[in-house]
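Read off the chains here:
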Amino acid sequence: MPGPFDEETGLFKVLVNDEGQYSLWPAGTAVPGGWLVRLDDARRDDCVAYVEEHWTDMRPRGLAGSHDA
């Protein structure tokens, strides 16, 4: 039996944290501290598309501004 994070037909939220990292979160589940809702109660494929469009740099915000030596 799939868990709530694996449900293909369920509704999800897109969350983002202070470091600019995104997460899919099952609708109806409490949002953890430190995360903000960016897309609320949408189909999984819509949430994935949102994340792919908006999370273009996978590095945490604290590392994204640093330059490689």
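Residues numbered from 1 in each chain as written. Predicted model: local features only at pLDDT ≥ 70, side-chain atom pairs only at ≥ 80, totals over all residues. Heavy atoms only, no water.

**Concerning the overall build of the protein**
As a reminder, the rule being used: Each helix is a run of H or I in the DSSP string that is no shorter than four residues. Each strand is a run of E no shorter than two, and both are numbered from the N terminus. Think of it in three bands: with a 1.4 Å probe and only protein chains considered, a residue is buried below 20% of the maximum accessible area for its type, exposed above 50%, and partly exposed in between. Methods summary: accessible areas were calculated by the Shrake-Rupley approach with a probe of 1.4 Å, and residue burial reflects only the protein chains presented.
Within the protein, the regular secondary structure consists of two helices and three strands. Each helix and strand of the protein, ordered N terminal to C terminal, gives the series β-β-β-α-α. Out of the 69 residues belonging to the protein, those deemed buried represent 26%. Approximately 4,900 Å² of the protein is accessible, and the part contributed by carbon and sulfur atoms is 54%.

**Structural notes on the environment of Gly10**
How we decide: Here, residues are in contact when the closest pair of their heavy atoms is within 4.5 Å.
Note that Gly10 resides in the segment before strand E1 (11-17). Judged by relative accessible area, Gly10 falls into the buried class, the value being 18%. For the pair Gly10 and Ala27, spaced 17 residues apart in the sequence, the C-alpha separation amounts to 7.8 Å. Beyond its immediate sequence surroundings of up to four residues, Gly10 is in contact with Ala42, Arg43 and Arg44.

By themselves these figures say nothing about function.
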